[in-house]
Amino acid sequence: MPFFNADKHIDRCIYSLVNQGIDFNNYEIILINDGSTDGSKQSAENHLISHPNIILHYQENIGLGASRNEGIELTKGEYIYFIDADDYLTFNVLEVFLKYLDRFELDLIGFKSLSTSKLDLFQSETKHTIKDYEVISGVEFAEKSDDFLVMAW
């Protein structure tokens, strides 16, 4: 998660990431401080104490894309999930994604998102299974997906 002056949002985003139903030994949260000048650096540092799977990297401001690339270089995991500091996940959604990624040996997983001004939608209808899913090839996906938005996250 790259961040630049994200003091208003960073705690909520990190809170959502540490509540994913995954043992902290099995995933890492990489925070890239892209030269913040507000309190977001301190907010991120406060999470390091209670979450040993959080890695905080400091750099001069180089922008979102380059910061994501830096995060990729730092990661040790098999899968990467991008998130912006002003976004957040419902609890346990990454745990559910991992089950499907492993079960079907997927390279990529897509899902619906919700644009909202609500700041506390941590609960989801997706508790431990995905109700409707389809496993298709990348070519078939491109052919079927006229309205699919491709986002870094």
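Residues numbered from 1 in each chain as written. Predicted model: local features only at pLDDT ≥ 70, side-chain atom pairs only at ≥ 80, totals over all residues. Heavy atoms only, no water.

As a further point, take the nonpolar core. In this structure, Met 1, Phe 3, Ile 10 and Leu 31 are the most contacted members of the largest nonpolar core, which totals 20 residues. The greatest single-element share of this core, amounting to four residues, is contributed by helix α1 (residues 10-17). Setting aside its immediate chain neighbours within four residues, Met 1 contacts Ile 10, Cys 13, Ile 14, Ile 30, Leu 31, Ile 32, Ile 83, Asp 84 and Ala 85. (Core = buried A, V, L, I, M, F, W, Y, C linked by side-chain atoms within 4.5 Å. Buried < 20%, exposed > 50% of the residue type's maximum accessible area, 1.4 Å probe, protein only. Helix = DSSP H or I, 4+ residues; strand = E, 2+ residues; numbered from the N terminus. Contact = heavy atoms within 4.5 Å.)

With that settled, the discussion passes to unusual backbone geometry. Excluding glycine, residues mostly carry a negative phi; peptide bonds, for their part, are mostly trans. A positive phi angle, near 70 degrees, is found at Asn 92, a position not held by glycine. In this model, Glu 105 sits at a positive phi of 50 degrees, which is unusual for a non-glycine residue. The topology assignment puts Glu 105 in the loop between α4 (93-103) and α5 (138-144).

With that settled, consider the pairing of strand β2 (residues 29-34). A regular strand places its side chains on the two faces of the sheet in alternate fashion. Counting buried positions along β2 yields six of six residues, so the element is predominantly enclosed. Of the two faces of β2, the one holding Ile 29, Leu 31 and Asn 33 and the one holding Ile 30, Ile 32 and Asp 34 are both buried throughout. Both strand β1 (residues 2-3) and β2 contribute to a ladder of two bridges, which runs parallel. Within the sheet, the bridge partner assigned to Phe 3 lies in β2 and is Asn 33. (Pairing = 2+ DSSP bridges.)

Read these as spatial facts, not as claims about activity.
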